[in-house]
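One-letter residues, chain by chain:
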Amino acid sequence: MKKMSVEDRLALNKFVVDEGQPHITVDESKLDGKTLRALLTACPAGLYTLSAEGKLVFEYAGCLECGTCRVLCASCLGAMSWNYPRPTKGVFYRYG
């Protein structure tokens with residue numbers, strides 16, 4: 001049996017996006033530089049990136065709901081609103 005990579009395993013998950021009602025919102029103006037850099041590197045799904053203009057871009061549709069970003073933003077009051085998605089929405093793990 002071939003050993004699966006992390007990317008292969010993540011591709012097996014099912015994502016049901018709650019269009020128009022994101023479970024995470026980020027206010028970049030309330031983030032400090034250290035927290036911003038941490039978000040860019042720590043998200044296991046790689047959902048935090050910088051635009052060509054250097055602005056934070058976040059795509060909640062592929063969120064693994066691990067809470068890493070929530071923990072990282074705990075010291076930046078008001079920078080993030082994080083809730084679990086509504087029932088039947090979000091990620092459904094199909095492998096391990």
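Refer to the structure printed above.
Everything numeric here is computed off the predicted structure, so don't read it as measured data. (Residues numbered from 1 in each chain as written. Predicted model: local features only at pLDDT ≥ 70, side-chain atom pairs only at ≥ 80, totals over all residues. Heavy atoms only, no water.)

1. Thoughts on the nonpolar core
In globular proteins that are soluble, nonpolar side chains generally tend to be buried together. To keep things clear, this is the line we draw: Only buried residues count toward a nonpolar core, which is a set of Ala, Val, Leu, Ile, Met, Phe, Trp, Tyr and Cys residues joined through side-chain atoms within 4.5 Å. Relative accessible area decides the class of each residue, using a 1.4 Å probe on protein chains only: under 20% of the type maximum gives buried, over 50% gives exposed, and in between gives partly exposed. Any two residues having at least one pair of non-hydrogen atoms within 4.5 Å are treated as being in contact.
Of all hydrophobic cores here, the largest spans 15 residues; its most connected members are Ile 24, Leu 31, Leu 39, Tyr 48, Cys 69 and Met 80. Not counting the four nearest positions on each side in its chain, Met 80 is found in contact with Ile 24, Thr 25, Val 26, Tyr 48, Cys 69, Arg 70 and Cys 73.

2. Let's talk about the pattern of salt bridges
Counted only if it meets this: The term salt bridge refers to a side-chain nitrogen of Lys or Arg lying within 4 Å of a carboxyl oxygen of Asp or Glu. In DSSP terms, a helix is any run of H or I states spanning at least four residues, a strand is any run of E spanning at least two, and both are numbered starting from the N terminus.
One pass over the structure, following the stated rule, counts 2 salt bridges. Here Arg 86 and Asp 18 are joined by a salt bridge, their closest N and O atoms 2.7 Å apart. Remark: Asp 18 occurs in the loop between strand E1 (14–16) and strand E2 (24–26) and Arg 86 occurs in the loop between strand E5 (80–82) and strand E6 (90–92); sequence separation between them is 68 residues. Residue classification places Arg 86 among the partly exposed positions, given a relative accessible area of 41%. Across the pair Asp 27 and Lys 30 runs a salt bridge, and its minimum N-O distance is 4.0 Å. The class for Asp 27 is partly exposed, based on a relative accessible area of 29%.

3. Description of the packing of aromatic side chains
What counts here: Aromatic pairs are defined between Phe, Tyr and Trp rings, using the six-membered ring for Trp, whenever the two ring centres lie within 6.5 Å; interplanar angles under 30 degrees are classed as stacked, those over 60 as edge-to-face, and all others as tilted.
The full count for this structure, using the stated rule, is 2 aromatic pairs. Their ring planes at 25° and their centres at 4.5 Å tell us that Tyr 48 and Phe 58 sit as a pair that is stacked. Taken together, the positions of Tyr 48 in strand E3 (residues 48–50) and Phe 58 in strand E4 (residues 56–58) put the pair 10 residues apart, joining distant regions of the chain. Consider the rings of Trp 82 and Tyr 84, whose centres lie 4.9 Å apart with planes at 80°: the pair is edge-to-face. With a relative accessible area of 9%, Trp 82 lands in the buried category. Residue Tyr 84 is classed as exposed on the basis of its relative accessible area, which comes to 59%.

4. Some remarks on helix H2 (residues 33–42)
Our working rule: As used here, the arc belongs to the directions running from the helix axis to the C-beta atoms.
Restricting attention to buried positions, one finds in H2 the residues Thr 35, Leu 36 and Leu 39. One face of H2 carries all of its buried residues, which in axial projection span an arc of 105°. Seen from the buried face of H2, the exposed residues on the opposite side, beyond 90 degrees, are Lys 34, Arg 37 and Thr 41. Among the structural elements, E3, E4 and helix H3 (68–72) are those in contact with the buried residues of H2.

Limitation: the analysis is restricted to geometry and does not speak to function.
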